[in-house]
Amino acid sequence: MSYTIALDFEDGATRFIKCKDTESVVDAAYRQGINIPMDCREGACAACKCRVESGSYALGDYIDDALSADEAAQGYALACQMRPTSDCVVRIPADSSVCNTRQESYTANIREVRRLSDSTFSLVLQGEALRQLLFLPGQYANLQVPGDGAHHRAYSFSSMAPGGDTASFLIRNVPGGRMSGFLADRAQAGDPIALSGPFGSFYLRPIQRPVLMLAGGTGLAPFLAMLDKVVAAGGSPHPIHLIYGVNSDGDVVETERLEAFARLIPNFSFAVCVVDEDSRHARKGYVMQHIEPAHLNDGEVDIYLCGPPPMVEAVARHLREIDVKSASFHYEKFAASAA
Ligand code: FES
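Residues numbered from 1 in each chain as written. Predicted model: local features only at pLDDT ≥ 70, side-chain atom pairs only at ≥ 80, totals over all residues. Heavy atoms only, no water.

A. A look at the pattern of salt bridges. Taken as a whole, this structure holds 16 salt bridges when the rule is applied. Between Arg 131 and Asp 165 there is a salt bridge, with the nearest N and O atoms lying 3.8 Å from each other. Separated by 34 residues along the polypeptide, Arg 131 in the loop between β9 (120-126) and β10 (140-144) and Asp 165 in the loop between β11 (152-156) and β12 (166-172) bring together distant segments of the chain. According to the relative accessible area criterion, Arg 131 is partly exposed, its value standing at 35%. Of the charged contacts in the structure, one is a salt bridge between Lys 333 and Glu 313, with a shortest N-O distance of 3.0 Å. Placement of the pair is Lys 333 in strand β19 (residues 328-333) and Glu 313 in helix α7 (residues 309-321), with a sequence separation of 20 residues. (Salt bridge = Lys/Arg side-chain N within 4 Å of Asp/Glu carboxyl O. Helix = DSSP H or I, 4+ residues; strand = E, 2+ residues; numbered from the N terminus. Buried < 20%, exposed > 50% of the residue type's maximum accessible area, 1.4 Å probe, protein only.)

If you want it as structure tokens, here you go:
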């Protein structure tokens, strides 16, 4: 029996390895060319200490000096001793570069470019190589801009179909933007695009309490992948509420998918809000104005926040001002880049 282990490095890179139930994570990683920092290999020095974000495992043999009972209770483990009993996500406290792990690169072809609104494109890539591209829902890839040297742009995956031959992204239409300019003017079905990844620590953790998702603009993309994952898992044991904010009515996209999620996930709900005073949407204003006490569940909530930097900073500041101490808080800012 073997399991898939996602090794999540400090620099944001993630690598996936296969680990047999009879081998340690360190041994499995070495077998696949990834040198996780370690020294004694006997559970004595703590050089390989890592944090297990999700999954089940046996801790193995070690001495208390290397791993205290408190640390074990908090999810820490020694990678040289840990043996998985399910798929796991493991945070390695080192850069991927020092672990001798290569950047994974892929080439795929454009299957479809759609203009969802004046401000947003949907890009779907297709290719056999993508079957090898594993990622956690919420992570992103770097896409090389075709015909533009080594320039690349980072985009979150907007759907989750592991093992499939497609990958989807939401791309903001930035005036003068390299990628959006390419999509608007030159992109043709079949054009090749190189991408690398996955990257990022913004991904859906196991759902152990209510979840509040806060999205700004194309910051909706990682949540779409997360919700795909929830559907694939057969639903959520706890309520999930998404608040999706944009500047104007013309920026609202993917509501059909959100409605489909609401049908497929019984305890999922969402609200769209629009900053523009003249919006036809019922909720006007900014995302934080539509966070209700029930969404915060007295702090027993996991909060995920993704959007442009001003939005993320404003929401984070608001949560601090109203003294929200959530069980966990994960955020990702993306900055649009012009040429
Ligand atoms: Fe020493 Fe794992 S390498 S405890």
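B. Expanded view of the packing of helix α4 (residues 221-232) against helix α5 (residues 255-264). Interhelical geometry of α4 versus α5 gives an angle of 25° and a closest axis separation of 11 Å. The angle between α4 and α5 places the two elements in the roughly parallel class. Helix-helix and strand crossings are classified by hand; for α4 and α5 the assignment is left-handed. In contact with Leu 224, Leu 227, Asp 228 and Val 231 of α4, α5 contributes Arg 257, Leu 258, Phe 261 and Leu 264. Residue composition of the contact of α4 with α5, grouped by class: six nonpolar, no polar and two charged. (Axes fitted to C-alpha atoms, helices over the stretch in contact; angles between N-to-C directions. Parallel < 35°, antiparallel > 145°, perpendicular 65-115°, else oblique. Left-handed = near helix turned anticlockwise from the far one by under 90°. Contact = heavy atoms within 4.5 Å. Nonpolar A, V, L, I, M, F, W, Y, C, P; charged D, E, K, R; others polar.)

C. Looking closely at unusual backbone geometry. Residue Gly 197 is joined to Pro 198 through a cis peptide bond whose omega torsion reads 5°. As for its position among the elements, Pro 198 is in strand β13 (residues 192-199). In this structure, Ala 46 takes a positive phi of about 75° despite not being glycine. When you line up the elements, Ala 46 lands in the loop between α1 (25-31) and β3 (49-54). With a relative accessible area of 24%, Ala 46 lands in the partly exposed category. For Glu 254, which is not a glycine, the phi torsion comes out positive at approximately 60°.

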